Amino acid sequence: MGRINIFRTKEIKKEIADNPSKAKEIIDAEKELGICVTDENGYYVHVNNRYNQIYGYDPGELTGKHFTTVVPKEMHQRLQTAHDMFIKNEYEIVRYWDVVNKKGETIKIQAAAAFFNNICNNRGKGHKVTFVYHDDE
């Protein structure tokens with residue numbers, strides 16, 4: 001399995017930090033990494049096309065749903081707690097996760113995250129931007 005391009009995630013984070021009003025456009029322009037934005041409660045605010053491809057969803061289908069939609073049921077509480085801690089502490093390590101696609105199949109991804117409180121009309125509340133790498137082979 002390949003690895004997430006940490007240099008690319010840093011570039012995207014900087015682009016968003018420098019242009020928060022253009023966060024959606026910056027996220028949508030990324031083709032290698034799946035990127036989603038979740039609000040402080042874990043609901044999808046924005047998802048790029050690559051993220052949809054990784055999980056097998058159509059554009060717009062995940063928006064408004066909870067991120068645990070792509071998490072195995074037995075991991076819902078653990079990952080909700082991790083999301084809550086991220087929003088509180090603004091920090092998460094890069095790691096591999098087993099997730100589920102729309103068909104219910106388990107796939108392995110690598111994820112990294114960034115905290116922003118000034119994107120996607122969040123009204124000063126924290127948003128988690130998650131970068132997902134999946135090797136399609």
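Residues numbered from 1 in each chain as written. Predicted model: local features only at pLDDT ≥ 70, side-chain atom pairs only at ≥ 80, totals over all residues. Heavy atoms only, no water.

## Some words on the overall build of the chain
Counting its secondary structure elements, the chain contains 4 helices and 5 strands. Element order for the chain, N to C, with α for helix and β for strand: α-α-β-β-α-α-β-β-β. Relative to its length of 137 residues, the chain is compact, with a C-alpha radius of gyration of 14 Å against a globular reference of 14 Å. Seen through its principal axes, the chain has C-alpha atoms that stretch 35 × 30 × 30 Å. Here the chain, with 137 residues, has 47% of them falling under the buried criterion. Within the structure as shown, the chain displays about 7,600 Å² of accessible surface, and the carbon and sulfur contribution to it stands at 48%. (Helix = DSSP H or I, 4+ residues; strand = E, 2+ residues; numbered from the N terminus. Rg over C-alpha atoms; globule rule 2.2 N^0.38 Å. Buried < 20%, exposed > 50% of the residue type's maximum accessible area, 1.4 Å probe, protein only. Areas by Shrake-Rupley, 256 points an atom, 1.4 Å probe, with all protein chains shown as cover.)

## Some remarks on the side chain of threonine 130
Within the element layout of this structure, threonine 130 appears in strand E5 (residues 127-133). Other than its neighbours up to four places away in sequence, threonine 130 contacts Gly34, Ile35, Cys36, Ala111, Ala112 and Ala113. (Contact = heavy atoms within 4.5 Å.)

## A short note on the nonpolar core
Core analysis: the biggest nonpolar cluster contains 19 residues, and Tyr44, Tyr51, Tyr55, Val70, Trp97 and Ile109 have the highest contact counts within it. Contributions of two or more residues to this core are made by strand E2 (44-47), helix H3 (49-55), strand E3 (95-100) and strand E4 (106-116). Ignoring anything within four residues of it in the chain, the contact list for valine 70 reads Tyr44, Tyr51, Tyr55, Tyr57, Val99 and Val100. In this structure, Ile26, Ile35, Val129 and Phe131 belong to the second largest nonpolar core, which totals 17 residues. (Core = buried A, V, L, I, M, F, W, Y, C linked by side-chain atoms within 4.5 Å.)

## A few points about helix H1 (residues 6-18)
When the terminal C-alpha atoms of H1 are compared, their 18 Å separation across 13 residues agrees well with the 18 Å that a helix rising 1.5 Å per residue should span. Of all the residues in H1, the buried ones are Thr9, Ile12 and Ile16. Each buried residue of H1 lies within a common arc of 65° when the element is viewed along its axis, so the set occupies one face. Across H1 from its buried face, at more than 90 degrees, point the exposed residues Phe7 and Lys14. Looking at the buried side of H1, the elements it contacts are helix H2 (23-29), strand E1 (34-38), E4 and E5. (Expected span 1.5 Å × (residues − 1). Arc of directions from axis to C-beta.)

## Digging into the pairing of E5
Counting buried residues in E5 gives 7 out of 7 residues, a clear majority hidden from the surface. One ladder, built from 5 bridges, connects E1 with E5; its direction is antiparallel. Within the sheet, the bridge partner assigned to valine 37 lies in E5 and is valine 129. With 7 bridges joining them, E4 and E5 adopt antiparallel strand pairing. Looking across to E5, one finds that alanine 112 is bridged to phenylalanine 131. (Pairing = 2+ DSSP bridges.)

## Things to note about the confidence of the model for the chain
In this model, the chain carries an average pLDDT of 92, and 96% of its residues clear a pLDDT of 70 or more. When the elements of the chain are averaged for pLDDT, helix H4 (residues 76-89) gives the smallest value, 92, and H3 the largest, 98. (pLDDT = per-residue confidence, 0-100.)

## Description of the environment of histidine 134
Topologically, histidine 134 is positioned in the segment after E5. When the C-alpha atoms of histidine 134 and arginine 50 are compared, they prove to be 9.7 Å apart, with 84 residues separating the residues in sequence. Of the polar contacts made by the side chain of histidine 134, one reaches the backbone oxygen of lysine 108; its length is 3.1 Å. (Polar contact = N/O pair within 3.5 Å; in protein donor to acceptor, adjacent residues only side chain to side chain.)

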